[in-house]
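Descriptive analysis of the structure
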Amino acid sequence: MSKCPCRKETDPYDLLTCLAPPAGEYETSIQLGENLRLVINNTGLYIRRISTDEFLPYINTYDKKIDKETLEAYNITREKIKTLICKNIQNLEDAALHGSTKAKDLLEACNQLIEEIQEKYCK
């Protein structure tokens, strides 16, 4: 078993990205506005804008990597970050159950930290 890359003393913002699920189906996302989502995965935090073209039968998505200051500009408070960490853990578990070895390895390595976080933040 490998060592957990995350530390519990870390700022919740850093835990948010450290305990994020792999990119793809199980990444964490929340609605920020019409056609605008905050997306969190193991590669970072992104603002995803979704647009449709009247003449084409598909949806375009545009992702822009963001930082802590941008989160604050969208009114993502420390309390919301704690809630998002709980969502990340749930999405990690879902990804691991559906075959993601990255998610499974992170869950196993950080099991003790995850249990502490769930007890403290997740209800």
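This report concerns the structure included in the present document.

Calculation criteria
- Residues numbered from 1 in each chain as written.
- Predicted model: local features only at pLDDT ≥ 70, side-chain atom pairs only at ≥ 80, totals over all residues.
- Heavy atoms only, no water.
- Helix = DSSP H or I, 4+ residues; strand = E, 2+ residues; numbered from the N terminus.
- Rg over C-alpha atoms; globule rule 2.2 N^0.38 Å.
- Buried < 20%, exposed > 50% of the residue type's maximum accessible area, 1.4 Å probe, protein only.
- Contact = heavy atoms within 4.5 Å.
- Areas by Shrake-Rupley, 256 points an atom, 1.4 Å probe, with all protein chains shown as cover.
- Disulfide = S-S within 2.5 Å.
- Axes fitted to C-alpha atoms, helices over the stretch in contact; angles between N-to-C directions.
- Parallel < 35°, antiparallel > 145°, perpendicular 65-115°, else oblique.
- Left-handed = near helix turned anticlockwise from the far one by under 90°.
- Polar contact = N/O pair within 3.5 Å; in protein donor to acceptor, adjacent residues only side chain to side chain.

Another point: the overall build of the protein chain. For the protein chain, the helix and strand inventory stands at five helices and four strands. Listing the helices and strands of the protein chain from first to last along the sequence gives α-β-β-β-β-α-α-α-α. Taking 14 Å as the expected radius of gyration for a compact globule of 123 residues, we find that the protein chain reaches 15 Å, a close match to that expectation. Each principal axis of the C-alpha distribution contributes one length, and for the protein chain these read about 50 × 35 × 25 Å. Evaluated residue by residue, the protein chain yields a buried proportion of 36% over its 123 residues. Taking as baseline every contact in the protein chain between residues at least 6 positions apart, the subset at least 24 positions apart corresponds to 51%. As presented, the protein chain carries roughly 7,900 Å² of accessible surface, and 49% of it is formed by carbon and sulfur atoms.

Let us look at the state of the cysteines. Taken as a whole and judged by the stated rule, the model has three disulfides. The residue that forms a disulfide with Cys4 is Cys110, at a sulfur-sulfur distance of 1.9 Å. Residues Cys4 and Cys110 are joined by a disulfide whose S-S torsion is about 95 degrees; by sign, that bridge is right-handed. With Cys4 in the segment before α1 (12-18) and Cys110 in the loop between α4 (101-109) and α5 (111-121), this residue pair connects regions lying 106 residues apart in the sequence. Of the two residues examined, Cys4 and Cys110, each falls in the buried class. Here Cys86 is linked by a disulfide to Cys122, with a sulfur-sulfur distance of 1.9 Å. As the torsion about the S-S bond is roughly -95 degrees, the Cys86-Cys122 disulfide counts as left-handed. Taken together, the residues Cys86 in helix α3 (residues 78-97) and Cys122 in the segment after α5 connect sequence positions 36 residues apart. On the accessibility criterion, Cys86 (15% relative accessible area) is buried. With cysteine numbering restricted to those in disulfides and following the sequence, the protein chain has the pairing 1-5, 2-3, 4-6.

We now examine the packing of α3 against α5. Direction vectors running N to C along α3 and α5 enclose 135 degrees, while the axes themselves pass 10 Å from each other. One element, α3, and the other, α5, form an angle in the oblique class. Classified by chirality, the crossing of α5 by α3 is left-handed. Residue-level inspection shows Lys82, Ile85, Cys86, Ile89 and Glu93 of α3 in contact with α5, the latter providing Ile114, Ile117, Gln118 and Tyr121.

Time to look at the side chain of Asn41. With respect to the helices and strands, the residue Asn41 is situated in strand β2 (residues 36-41). A residue is classified by how much of its surface remains accessible, and Asn41, at 4% relative accessible area, is buried. There is a polar contact of 2.9 Å between the side chain of Asn41 and the side chain of Glu27. A polar atom in the side chain of Asn41 sits 2.5 Å from the side chain of Thr43. Excluding residues that lie within four positions of it along the chain, Asn41 makes contacts with Thr17, Ala20, Pro21, Pro22, Ala23, Glu27 and Tyr46.

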